[in-house]
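Residues per chain, in single letters:
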Amino acid sequence: MPPGEAKSLLDLIGNMTPSESSLARLPKKFNAQWEPNREAFEDFLWESVKVPEEAVTAAASLDGVMLPMKDGKRQEKREQNRVDGKRTRGPAGCQEASCGTLSFYDAQGERLSTVRMSRMPESKKVTLKQSLSALLSEALRQRPDLTLVKVADGAKDNWTYLANELPEGHEVVDFYHAAEHLKKAFDLSYGENSNKSREKFITYRHILKEEPEGVEKVIKALAYQHKRHPRRSKLKTELEYFRSNRTRMNYAEHLSHNLPIGSGVIEATCKTLVTQRMKCSGMRWRHPGGQGILTARSLIQSGMFDNGWKLLAVTYCAKVTEVGMDNVIPFPMQKGDLEL
């Protein structure tokens, strides 16, 4: 929690009452001890993750959330926008933090448990992808019989990683993102929020989700609309979205096998792990303090905080060598014990 809230809580509880400034420094101290040992710590933590016995499916997801940064060059970007004739108000100086999840599901499609992780902004989400791959490898080592499902929105970089760097499995574009694109396509065809648009959206949303080869029927319908309105470039963009992701939209087949088709877990992780803590009014971040908070919150939400804290505590231990009694001066000293 924010240091001001933490101080109020600790003052109420009593016993230890650190200052707000000390609590604000704590995430940076945590991160300075954790990051140099991160890979070794994660290896230990991933080995401690026990795949539930009832699990038959593992679902891997990743996503991002924009985070206001102190070193995000906000003023420079706004000045460049002014020179380019673009808006100089609104969000600026934000960069994308990343989140990843590995969830386990039983035969009925009920989620059993989830491991969550998050990283501060980094090009291509490199560290997050390494951590998620290592976690999945350990889960599959324990249970090679698990069915792997890879779920994400349609972002190209997500699928470059999920399709090429993870083991073979079912690939699913999140149904709710697909439905948003479907709604936008019919709004572009019939007018935003018109009765005809809503009617078509409800019909084809059901087709997309429930009917075999439903995505092909959606593509055919949108292709017809694009033929009617060839100058509407945004409509063509929505049509291409479904065409490029058609192999990842076999929702009826996945549902028939009780496989997940939504990325609600990763969306909730972005909200509860990052947004609710790090996008409060006036907050801006640098990497060390922000990563310390994200690491701690990831451990808490994954049920691994105690193990993580034990690993961290080891870095504060020092070897003490016992000295011989001949070199010990008794204390308090008596007069005459020490000759000058």
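Residues numbered from 1 in each chain as written. Predicted model: local features only at pLDDT ≥ 70, side-chain atom pairs only at ≥ 80, totals over all residues. Heavy atoms only, no water.

Draft legend 1. Examining the environment of Glu 168 more closely. Topologically, Glu 168 is positioned in the loop between helix H6 (156-165) and strand S5 (170-173). For Glu 168, a relative accessible area of 79% translates into the label exposed. As for Glu 168 and Val 149, which are separated by 19 residues in sequence, their C-alpha atoms are 8.9 Å apart. Beyond its immediate chain neighbours, meaning those up to four positions away, Glu 168 contacts Leu 148 and Lys 150. (Helix = DSSP H or I, 4+ residues; strand = E, 2+ residues; numbered from the N terminus. Buried < 20%, exposed > 50% of the residue type's maximum accessible area, 1.4 Å probe, protein only. Contact = heavy atoms within 4.5 Å.)

Draft legend 2. Broad picture of the packing of helix H3 (residues 38-48) against helix H5 (residues 126-142). As a packed pair, H3 and H5 sit with axes 9 Å apart at the nearest point and diverge in direction by 30°. Considered as vectors, H3 and H5 are oriented roughly parallel to each other. For the pair H3 and H5, the crossing hand works out as right-handed. Here Arg 38, Glu 42, Trp 46 and Glu 47 of H3 come into contact with H5, specifically with Thr 127, Gln 130, Ser 131, Ala 134, Leu 135, Glu 138 and Gln 142. In the contact of H3 with H5, the residues fall into 3 nonpolar, 4 polar and 4 charged. (Axes fitted to C-alpha atoms, helices over the stretch in contact; angles between N-to-C directions. Parallel < 35°, antiparallel > 145°, perpendicular 65-115°, else oblique. Left-handed = near helix turned anticlockwise from the far one by under 90°. Nonpolar A, V, L, I, M, F, W, Y, C, P; charged D, E, K, R; others polar.)

Draft legend 3. Here's a closer look at helix H9 (residues 214-228). With 15 residues, H9 should reach 21 Å at 1.5 Å per residue; the first-to-last C-alpha distance of 22 Å fits that figure. Within H9, the full set of buried residues consists of Gly 214, Val 215, Val 218, Ile 219, Ala 221, Leu 222, Gln 225 and His 226. Summarising the axial view, the buried residues of H9 lie within an arc of 165°, below the 170-degree limit, and thus occupy one face. Exposed residues on H9 whose side chains face more than 90 degrees from its buried face are Lys 220, Tyr 224 and Lys 227. Against helix H7 (175-190), helix H8 (195-210) and helix H10 (233-244) lie the buried residues of H9. (Expected span 1.5 Å × (residues − 1). Arc of directions from axis to C-beta.)

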